Amino acid sequence: MRLELVEKAPWERGNPLLYGLAGLAAGMLVSIAVGALTPRGVGGVAAAFYKAFTNPNSYFDSLPYFVPIGLSAAGLALAYRAGFITIGSEGQVILGLTVTHGLLAYVLWDAPGLAGLVAALVLAAIVGGACGLLVGAMRAYLGTNETLISLMLNYVVVAIVNYLVSGPWKAGRFTMTVVLPEKFWVSGATAAAVAAAAIVVLDLVHRFTRLGVAIDAVGAARKAAETYGVDPRRTILAAAALSGAAAGLGGALYIVSIHTPLTTIGKGGLGYGYMGVLAAWLAGLRPLGALAAGMLLAVLYNMVSMLQLQGIPASLVYAFEAILVLSVLIATTLSRYKLVVRRND
């Protein structure tokens, strides 16, 4: 006897959102049970979860984090569907926010607020897209490994930002830059609304354009796609550029919504782009699914500090986060696959 994971027929598949919510509920129950190991016990952990998930401020405060995570996830969903397995969204998010800060703080500081903001967002998306395109071109024309190359680029971007923050852009005694002029600030809700609109556009590109069909065809059967006239190189380049542009835009919206100066970044980066990788898979590689998956990870990210403030050890808070994400991932996978028992012949 053995268990096999078999893909369901299209008419057998369940609603991934409902499966995800069921997985989230199951993950919370498991986390609460694990709470018996904490000083606050099962009751204390249950109360902490209830407070974190029912407090409207926890969702509002999570919106700036949703922006880079959700946009990265939507772009990566397209890239992964094309078989382009990049993790460069981390560097592209950081690149986007750095370009935006530099442009608004040192070049367009006297420009009208809206005009300067739009110019910065567009430039950040272009720079992020160019970074993605670079990785895509190396994969398409040189046959390099896009995962390794994009990871190395992430480190390069972090090093450049740290040089700028500790050198030319340093303001005052501490290692940080100036705060962006207030006229360029936007609220977390506004940034999230712009990000959600961009995610919807990416989903429409996937579902209703020739590029979307080409992305699915190249990812599923490259040789067959070539037979029917689809150019895999151009498709990969387009997916890479879109993915990078989305992440760059996410970084730009993030920096204008948090209203804080730039500081140096650890070698691992900020983590939003890497969370975008997880969100893309949680979303089942559907750009529109990045709305729910990105928001879930943003709330969990914000919840970490809230639970710690309520007396739960940091190590267990991260364990709870992992349990919740894993539960949702398993549940959403089961919406598309089923377990089948086979007899050994």
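Cut-offs used in this document
Residues numbered from 1 in each chain as written. Predicted model: local features only at pLDDT ≥ 70, side-chain atom pairs only at ≥ 80, totals over all residues. Heavy atoms only, no water. UniProt positions renumbered as here; feature names shortened; annotations may be inferred. Helix = DSSP H or I, 4+ residues; strand = E, 2+ residues; numbered from the N terminus. Rg over C-alpha atoms; globule rule 2.2 N^0.38 Å. Buried < 20%, exposed > 50% of the residue type's maximum accessible area, 1.4 Å probe, protein only. Contact = heavy atoms within 4.5 Å. Areas by Shrake-Rupley, 256 points an atom, 1.4 Å probe, with all protein chains shown as cover. Phe/Tyr/Trp six-rings, centres within 6.5 Å; stacked < 30°, edge-to-face > 60°. Axes fitted to C-alpha atoms, helices over the stretch in contact; angles between N-to-C directions. Left-handed = near helix turned anticlockwise from the far one by under 90°. Nonpolar A, V, L, I, M, F, W, Y, C, P; charged D, E, K, R; others polar. Expected span 1.5 Å × (residues − 1). Polar contact = N/O pair within 3.5 Å; in protein donor to acceptor, adjacent residues only side chain to side chain.

Under an unreviewed UniProt entry, the name given to the protein chain is ABC-type uncharacterized transport, permease, and the organism recorded is Hyperthermus butylicus. Comment text from UniProt for the protein chain, heading Subcellular location (unreviewed entry), reads "Cell membrane".

S.K.: Can you help me understand the overall build of the protein chain in this one?
M.R.: Counting its regular elements, the protein chain contains 13 helices and two strands. Relative to the compact-globule value of 20 Å for 345 residues, the protein chain shows a C-alpha radius of gyration of 21 Å, a close match. With respect to the three principal axes, the spread of C-alpha positions in the protein chain is 75 × 60 × 30 Å. Evaluated residue by residue, the protein chain yields a buried proportion of 48% over its 345 residues. Look at the contacts in the protein chain between residues 6 or more apart in sequence, and 80% of them connect residues 24 or more apart. About 16000 Å² of surface is accessible on the protein chain, with carbon and sulfur atoms providing 67% of the total.

S.K.: How should unusual backbone geometry be read in this particular structure?
M.R.: For residues besides glycine, phi is generally negative; the peptide bonds are generally trans as well. You will see that His 259, though not glycine, has its phi angle at about 60°, which is positive. Examined against the element boundaries, His 259 turns out to sit in the loop between helix H10 (232-258) and helix H11 (272-282). Even without being a glycine, Leu 285 presents a positive backbone phi close to 55°. Relative accessible area serves as the criterion here: at 13%, Leu 285 is assigned to the buried category.

S.K.: What's the story with the packing of aromatic side chains in this structure? I'm lost.
M.R.: One pass over the structure, following the stated rule, counts six aromatic pairs. Among the aromatic side chains, those forming a connected cluster through ring pairs are Tyr 65, Tyr 254, Tyr 272 and Tyr 301.

S.K.: Is there a simple way to think about the packing of helix H5 (residues 113-142) against helix H6 (residues 146-166) in this case?
M.R.: One way to put it is that H5 packs onto H6 with a least axis distance of 9 Å and a crossing angle of 145°. For the pair H5 and H6, the sense of crossing is right-handed. Facing Cys 131, Leu 134, Val 135, Met 138 and Arg 139 of H5, the residues of H6 in contact are Glu 146, Ile 149, Ser 150 and Leu 153. Looking at the contact of H5 with H6, its residues break down into six nonpolar, one polar and two charged.

S.K.: Can you help me understand H5 in this one?
M.R.: Residues separated by three or four positions in an α-helix point in the same direction, a consequence of the helix having 3.6 residues per turn. Spanning 30 residues, H5 covers 43 Å between terminal C-alpha atoms, matching the ideal 44 Å at 1.5 Å per step. Following H5 by one or two positions, Gly 143 has its phi on the positive side, about 70°.

S.K.: Would you explain the side chain of Asn 302 in this entry?
M.R.: Note on placement: Asn 302 falls in helix H12 (residues 290-309). Polar contacts involving the side chain of Asn 302 include one to the side chain of Ser 62, which spans 3.5 Å. Excluding residues that lie within four positions of it along the chain, Asn 302 makes contacts with Ser 58, Asp 61, Ser 62 and Tyr 65.

S.K.: Looking at this model, I keep getting lost on the side chain of Thr 177. Mind explaining?
M.R.: Here Thr 177 lies in the loop between H6 and helix H7 (188-208). Among the residues examined, Thr 177 registers a relative accessible area of 3% and is labelled buried. Reaching out from Thr 177, the side chain makes a polar contact with the backbone nitrogen of Leu 262 at a distance of 2.9 Å. If sequence neighbours within four positions are ignored, Thr 177 has contacts with His 101, Tyr 106, Val 165, Trp 169, Ala 171, Pro 261 and Leu 262.

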